[in-house]
Structures are given as C-alpha cells and as structure tokens.
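# Tertiary structure, described
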Amino acid sequence: MADTLEFNDIYQEVKGFMNDGRLRLSKAGLMYKNNKTGKVENIAATDLSEGIWRRVALGYGLRLSTRTGHVYKYDGFREPEFEKLSEYFKTHFQVDLVEKDMCVKGWNWGSVRFGGQLLAFDIGEQPAFELPLSNVSQCTTGKNEVTLEFHQNDDTEVGLMEIRFYVPPTQDDGGDPVEAFAQNVLSKADVIQATGDAVCIFRELQCLTPRGRYDIRIYPTFLHLHGKTFDYKIPYTTVLRLFLLPHKDQRQMFFVISLDPPIKQGQTRYHFLILLFSKDEDINLTLNMSEEEVEKRFEGKLKKNMSGCLYEMVSRVMKALVNRKITVPGNFQGNSGAQCITCSYKASSGLLYPLERGFIYVHKPPVHVRFDEVQCVNFARGTTTTRSFDFEIETKQGLQYTFSSIEREEYGKLFDFVNAKKLNIKNRGLKEGMKQAYDDYADSDDEQHHDAYLERMKEEGKIRENADSDDSGDESDESFNPGEEEDEVAEEFDSNPSASSSSADSDEDKEKPAKKPKASKPSKEKKPRKKPEGKKGKDPAAPKRPMSAYMLWLNASREKIKGDNPGISIIDLSKKAGEIWKGMSKEKKEEWDRKAEEAKRDYEKAMKEYNKNAPPPEVSKKEKKSKGEKKTSEKTEKKKSGKAASPAKTPVKTNTVKSKEFVSSDESSSDESTHKKGSDEEMASTPPSSNDSD
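From a predicted model like this one, the values you see are computed outputs, not experimental measurements.

For the rest of this paragraph, the subject is the overall build of the protein chain. Each helix and strand in the protein chain was counted, giving 18 helices and 31 strands. Expressed as a percentage of contacts within the protein chain between residues at least 6 apart in sequence, the contacts between residues at least 24 apart total 49%. With the model as given, the accessible surface of the protein chain reaches about 43700 Å², and the carbon-plus-sulfur share is 48%.

What describes two packed helices is the angle between their axes and the distance between those same axes. Relative orientation of the contacting elements helix H11 (residues 549-564) and helix H12 (residues 570-583) amounts to 115 degrees, with a least axis distance of 10 Å. Handedness of the H11/H12 crossing: right-handed. Packed against H11, whose contacting residues are Ala549, Tyr550, Trp553, Leu554, Arg558, Ile561 and Lys562, the element H12 presents Leu573, Ser574, Lys576, Ala577, Gly578, Ile580 and Trp581 at the interface.

Before going further, it helps to spend a moment on a negative patch on the surface. On the surface, Asp280, Glu281, Asp282 and Glu312 cluster together into a negatively charged patch. Mapped onto the elements of the fold, aspartate 280 is located in the loop between strand S21 (268-278) and strand S22 (282-286). Note on aspartate 280: relative accessible area 69%, which makes it exposed.

Where strand S12 (residues 136-141) meets strand S13 (residues 145-150), five bridges bridge the pair, whose relative direction is antiparallel. Within S13, the residue paired with threonine 141 across the bridge is valine 146. Between the antiparallel neighbours S12 and S13 lie three residues.

To continue, consider unusual backbone geometry. Cis geometry marks the peptide bond from threonine 209 to proline 210, where omega comes out at -10 degrees. Inspection of the secondary structure assignment puts proline 210 in the loop between strand S15 (200-209) and strand S16 (212-218). For the bond running from aspartate 260 to proline 261, omega is 5 degrees, close enough to zero to count as cis. Its place among the elements puts proline 261 in strand S20 (residues 252-265). One non-glycine residue, glutamate 204, adopts positive backbone phi at about 50 degrees. Even without a glycine there, the phi angle at glutamine 250 is positive, about 65 degrees. With a relative accessible area of 43%, glutamine 250 lands in the partly exposed category.

Moving on to the confidence of the model for the protein chain. In the predicted model, the protein chain carries a mean pLDDT of 75, and 70% of its residues have values of at least 70. Considering only residues more than four positions removed or in separate chains, one finds that residues 429-450, a stretch of pLDDT under 50, has 43 contacts. Confidence drops under a pLDDT of 50 for residues 643-694, and excluding neighbours within four residues, the segment shows 39 contacts in the predicted structure.

Below, the discussion takes up a positive patch on the surface. On the surface, a cluster of positive charge is made up of Lys301, Lys319, Lys325 and Arg357. Assignment of secondary structure puts arginine 357 in the loop between strand S26 (348-354) and strand S27 (358-362).

Let us now look at the environment of tryptophan 581. Mapped onto the fold, tryptophan 581 is located in helix H12. A relative accessible area of 7% means that tryptophan 581 is categorised as buried.

Across the sheet, which stays open at both edges, the three strands sit in the order S9-S10-S11 with antiparallel pairing between neighbours. Each edge of the open sheet carries a strand with a single partner, namely strand S9 (111-115) and strand S11 (126-132). The mean inter-strand angle of the sheet, taken between neighbouring strand axes irrespective of direction, is 25 degrees. Pairing analysis gives five bridges linking S9 to strand S10 (residues 118-123), with the strands arranged antiparallel. Bridging from a neighbouring strand, valine 112 pairs with phenylalanine 121 of S10. The sheet contacts of helix H2 (residues 177-188) involve S9 and S10, and relative to S9 the element is tilted by about 35 degrees.

One key point about sheets: their strands pair by backbone hydrogen bonds, in either a parallel or an antiparallel sense. Strands sit in the order S12-S13-S14 across an open sheet of three strands; the sheet is antiparallel. Two strands close off the open sheet at either side, each with one partner strand: S12 and strand S14 (162-166). Strand-to-strand, the axes of this sheet are offset by a mean angle of 20 degrees, without reference to chain direction. With five bridges joining them, S13 and S14 adopt antiparallel strand pairing. Note that in S14 the partner of valine 146 across the bridge is phenylalanine 165.

This part takes up helix H13 (residues 586-613). The end-to-end C-alpha separation of H13 is 40 Å, in line with the 40 Å expected for 28 residues at 1.5 Å each. Three or more residues of H13 are buried, namely Trp592, Ala596, Tyr603, Met607 and Tyr610.

Turning to the side chain of arginine 63, a few remarks are in order. Examined against the element boundaries, arginine 63 turns out to sit in strand S6 (residues 59-66). A distance of 3.0 Å separates polar atoms of two side chains, one belonging to arginine 63 and the other to glutamate 50. Those residues in contact with arginine 63 that lie beyond four places of it in its chain are Glu50, Gly51, Ile52, Arg54, Val71, Tyr72, Lys73, Leu118 and Glu130.

Attention now moves to the nonpolar core. Grouped together as the largest cluster of nonpolar side chains are 42 residues, with contacts concentrated most on Phe202, Ile218, Leu223, Phe255, Val314, Val317 and Met318. In terms of residue count, helix H4 (residues 310-322) provides more of this core than any other element does, nine residues in total. Setting aside its immediate chain neighbours within four residues, phenylalanine 202 contacts Tyr214, Asp215, Ile216, Ile218, Ile283, Leu285, Leu310, Met313, Val314 and Val317.

Looking now at the pattern of salt bridges. Two side chains that carry opposite charge are able to pair once their charged atoms sit near each other. All told, the structure shown has 17 salt bridges when counted by the stated rule. Between glutamate 50 and arginine 63 there is a salt bridge, with its nearest N and O atoms 3.0 Å apart. Taken as a pair, glutamate 50 in strand S5 (residues 48-56) and arginine 63 in strand S6 lie far apart in primary sequence, 13 residues in all. By relative accessible area, arginine 63 is classed as buried at 7%. Between arginine 63 and glutamate 130 there is a salt bridge, with its nearest N and O atoms 2.6 Å apart. You can see arginine 63 sitting in strand S6 and its partner glutamate 130 sitting in strand S11, a full 67 residues away along the chain. No difference in accessibility class separates arginine 63 from glutamate 130, as the two residues are buried. Counted as one network, the salt bridges with shared partners bring together Glu50, Arg54, Arg63, Lys73 and Glu130.

Rules used throughout
For every chain, the first residue of its written sequence is number 1, and the numbers climb from 1 along that sequence. Given that this is a predicted model, residues contribute local features only at a pLDDT of at least 70 and side-chain atom pairs are listed and counted only at 80 or more, while totals for whole chains, interfaces and linings are drawn from all residues. Water and hydrogen atoms play no part in the side-chain values, which are based on all heavy atoms of the structure. Under the DSSP-based scheme used, a helix requires at least four consecutive residues in state H or I and a strand at least two consecutive residues in state E, with every element numbered from the N terminus. Whether two residues are in contact is decided by their heavy atoms, any of which lying within 4.5 Å being enough. Using the Shrake-Rupley algorithm and a 1.4 Å probe, accessible areas are obtained, with residue cover drawn only from the displayed protein chains. What counts as an axis is a line fitted to C-alpha atoms, over the stretch in contact for a helix, and the angles between N-to-C directions run from 0 to 180 degrees. Handedness of a helix crossing follows the sense of rotation of the near helix relative to the far helix, less than a right angle counterclockwise being left-handed and clockwise being right-handed. Only residues whose relative accessible area exceeds 30% and that take part in no salt bridge are eligible for patches, with like-charged residues grouped when within 9 Å of each other and nonpolar side chains (Val, Leu, Ile, Met, Phe, Trp, Tyr) grouped when within 5 Å. What makes a salt bridge here is a side-chain nitrogen of Lys or Arg within 4 Å of a carboxyl oxygen of Asp or Glu, nothing more. His is not counted, nor are the chain ends, whereas Lys and Arg count as positive and Asp and Glu as negative. For charged residues, the charge sits on one atom: NZ in Lys, CZ in Arg, CG in Asp, CD in Glu. Type-normalised accessible area, obtained with a 1.4 Å probe on protein chains alone, sets the label of each residue: buried when under 20%, exposed when over 50%, and partly exposed for intermediate values. Between any two strands, at least two bridges found by DSSP are needed for them to pair. The quantity called pLDDT is the predictor's confidence in a given residue, expressed from 0 to 100. Multiplying one less than the number of residues by 1.5 Å gives the expected span of a helix. Throughout this description, a polar contact denotes any pair of N or O atoms lying within 3.5 Å of each other; where both atoms belong to protein, one of them has to be capable of donating a hydrogen while the other can accept it, and for residues adjacent in sequence the pair is counted only when both atoms sit in side chains. Take the buried Ala, Val, Leu, Ile, Met, Phe, Trp, Tyr and Cys residues and link them wherever side-chain atoms come within 4.5 Å; each set so joined is a nonpolar core.

The structure is reproduced here in structure tokens:
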C-alpha cells in the first residue's frame, strides 16, 4: 500500500463555506492546503480519535474528530474511495472509518448531545445536524429557550445567523436545564472575553488600515485594538501571516498582519492590519508576567524586560504569541537600491514588494498574491506616458491586478526577478540592453482586442461610398464645404436650376442680357455657412444596408456565447466575441466573407430597383421661394411686352438669369460671363441679337 494518499478538489467546510483545496494523507497525519489563501492545516496521526464516512451534497465526505475535541469536515470524495481510505486509516492511524448517514426526516424535535467542541442534534440514533461551538459568537437564555448567534463568513452567499432551542422544563431538582445547556455552549464557544490583565500594552500606534491611532493590548489568546471610535478584538487563530517591510525612504517600517476572516467596520472588511513605525522610536517593555511564567510559556522567545526599537518589540511579541514566521523582503533590489517599487493600484500610489514566494502591495488597498496562485504576468505599455509601464498579474481564480505608473528604469530588475521565479510571462521580450528591452515589451502589445464597433463603422463607410457612386442623390444630408461661397450664391440666385424649368422661362431669358455674377467680398468668406433649414428624413422603404462579415457571424453566434458564459454583460460579450473572431481561422472567416459579399450584391441590386421606382424629390422651401420670384418677374415682363409694338425696344432688366436651355445651346455666352471683352473673330462669327444692340 502507498505511504501517501493525495486527493485534489477536496472541500473543507468553514462557517458554511466550502473552501477548495488539496488533502494529503501520510504516516505522520493529514495535511490540507487551501487553494485560495494557501493556509495549511495539519492533523497529527496521534490526535485522531474518530473517523466517519457519510453521504453529503458534494458526493461523500469525512468527518474527523481529534482528542482535543476539534472537528474537521472534508467533502468531495467518490464512493469507490471508501475502501482505500478505510484501509489506510486502520493501517497508519489505528482508527476505524465508520459509515454513518444523516437523518433526513425533517423533524425539529430530538435530543442534544455535546461532544468536544460539537453540538449534535439527534433524532433517534441518527444526527440531523451538527454545530461547531467554536463558531458561536453569543449565547443568550430565556425562560425556556436558548439562542445561539454565530460568527459570519463573508465568502458565503447564505449564512446562519442564529438558532433557538426550546428546552422543556423538568420536575427534577437537578438544576435549571436552560442554564445547564447555556454553560455547555459557553464552555466551548468562541466568545472573546477579556479575563485578567493584558500581557503588555503598546500606546498610540499609528495604524494605516484601519486608519487612526490605536492602543494595542496583548492578551494570551487575542489582540485588542482600542481607538477613539472603534474597538477590535482579533483572535490569534485568525492571523494568517506576518510581514515586516522597510519603507522606501529607509526611515520607516511597515508591520502587516494578514487576517482570515477579516475584521469588520460596518460594511467594510479589513483583511490586513498595517502599522507604520519610525526606526528612531525606541521603547522599554515589561511583560505583566513573572519570569518563570514567561520562560515556561514562550520558551526563551520573550523575556520579562526588553528594550529596543518599537517595531522590533511589536513584531517579536506578535511572533511569539501567534507562533508564525515573519516574512521579510528577499534579494530583490530596485533601480534606486530599495527592496520595493513605487507604483499605483486603483488610482492610489503605494509600494510593491517582490518577496521570495509572492508579491505584496502596501497600502491602499493592500494586496497579497502568492506565486503558486499566479497564472501569468504581463508587462504592458503605460497608458499616460511612455516613461512608465504597467505590471499585470493574473491569478488562476481569474482575478487580475494591474500595478501602473512604474518607472521604465525598474523594468530590467523586475523582469529578471519574474524570470528567475519561473513565472509565465505573456509578452517575453529580448533583453539586449535596458532601452531595447523596454522598447521591445512596449511594442509587443499582443493583447489588442478586436474592436467590433470600429469594424462595423469601416464596413458601413465602404457601403456608403459605393452607394454614393451609384446614386449621388441618395443622401439626404447637405455637404458643408467651408470657403466655397460661390455655391451658396448660386443657390440663392438659382444660377443652375434643374431641368424641370419651363421653356417659357428659357425663351424669356434669351431676350435679356445675362447678369454678371457678383464678386464675393472677403468678409463673406470668413462667415460660416448657415445651417440648412430642413433635412429630408430617411425613406423607410429604402433597402437596408448590408452587414459586415463580423456582424453576420456575431448575430449567428451571440446565443451560443451567452450559453457558454452565463450572466455575461453586454460589454464583456462584445470583448469575448472580438477575441473569438480574432482567433478564428481564415477558412472559417472566408465563409462569412462570402455571405457578406452576397448581401452586398443584393443590396446594390435592390438600390438600383429602388432608384428607378423612387418618387421625384420634394422641392425645398428655398427653391419654392426662388421659383415664386421668377414667376412674378415673368408676369411683369409679359404685361410690359404686351404693350410694346415691336420687340426692338429696350427690354426691362430683371434679376432673372439664364436658363438651362440657353446655357446648353450652341450660342452659349459662357465666354461673355467669364471675359469682359471677346475677340474680333468671335464677334464676327456670332449673329447679332437684341442684346447686342444694347
């Protein structure tokens, strides 16, 4: 039989939340490592007293009890693994693994059994549920009932707040059963009570998180932070890690305490305590214990009378009481010689410390990332200036941390450190000098997302150009060309009327001299063109423009992407679709390109049919006004011409300009409007007219 057994994807129940991790069994005992926090729990083989195998929601699980009364629950096993585990427990731990099922009758009356730190509610001989008394935060009694309140876990979506037990009165004189019940609970509950004097007190320490100045009272089992507004009681069992980090100015020190679960202040959760010390501040410390008690309890780690720097005393006392190592920076040195890098995280400036087994950012908000949970890192171009870059960390849980505004001189040191730790680098660059390395990573931005909106705008622009070349009158908007004032003058005087002008107008215009166009004044050129009075609305009967190949593919694939990523937002869906489209092969894209070409041909064909059958364009208000003025001048001319006996008389000059028929005839006088004097040959070849007599 193997000396060790290892199981992945095993869940440990902690305050109603199932932590994901790995369980390893060896001759020395059991070891469970949390994948999220990296916290390791060990159960010695000699401490195991009971092992129960039972069916749970996630398959099958183990419930292990120790001789000290602690209970551990591990779920996620498969049914065939029972025989292997049972044999291993019996061989190496001398413990029989017993099968026992939970009661599922749903009754709410039964008997309560206290065993170690566990309260079991039994119905008959089967347990209905079990409550770890270490999770009880408060116990209150009533006339015939006991109310238990529990510590909350922020990771759970649904948590147990309280539970009430009705204790019926008895006729025995053995005492009050309600008080007896409450005493059994309180003897094992995790109710923090300050009993006796503190071991030592540190006065007015500067705390960055939570912000303020606090008195820290050190008790044997918990830490008490006393401030002007808030008080916190922190059990040493919730302390996960300790860090001692030098400030970049080399005059201050950070002492960081990592907590799991965090302390609460309203809706705010603090996963880290950050204390700031000056290296010049000293203290003389005397423990409130006898020398024999100090020696017996701390085994030489502490002394009754100590003196030294304040940060050294605080870290030394915390290390002895919490029984955890203090993590300090390793061999990393930045460009300035400091063991940290100045950067920004979430718009707040701070310091990033590369450690031997992870990264920690101080201070707002604090971030700690271990190397074993890092999926990859990425060096990205700075968003604001080229003299800085961004350092991105992506974890296996899908979280991403971006530390920005890092000076480009730090790139070489950080790259060498990450490379030495064998972390996966997304855009690994060539290292031929500092500048070349920086330029290499700066230009190797391989994470350019496909911009679906830009792609769509480009396609629609191409379609508009094609449509304009086929039919220039399809667009309803008027173009605006600054400086081209001649067009505006021509429009006002109707110098280029449409072909629909009447023939009577053309005959009338032949008898009248052409009016020379007025020269535009310089002041008029500076004035901006007036906004058009009205614009034509888009015809709903016009054919709909075709979509691009990408948009056709997106419409066909949108539901599938939603199904593969439930709960995805519209923005994330667009980004995801862009990534998928970018990674598609040319063969698959050609299929959608062909569909887009077919849609484009159908659109062009439909546009031709639409332009043939389209109704004549409506006359604008400006054109109507100019035509009205022209008709008025025609009537005036007819009246005057009717009175005249012969057409040889001098005609009345009007503002009417030449019609299209006259301009397009062989006797075009374009030269007259352009040049002031014509050549003799032209005068000789041109037949005389009534205008010439003038």
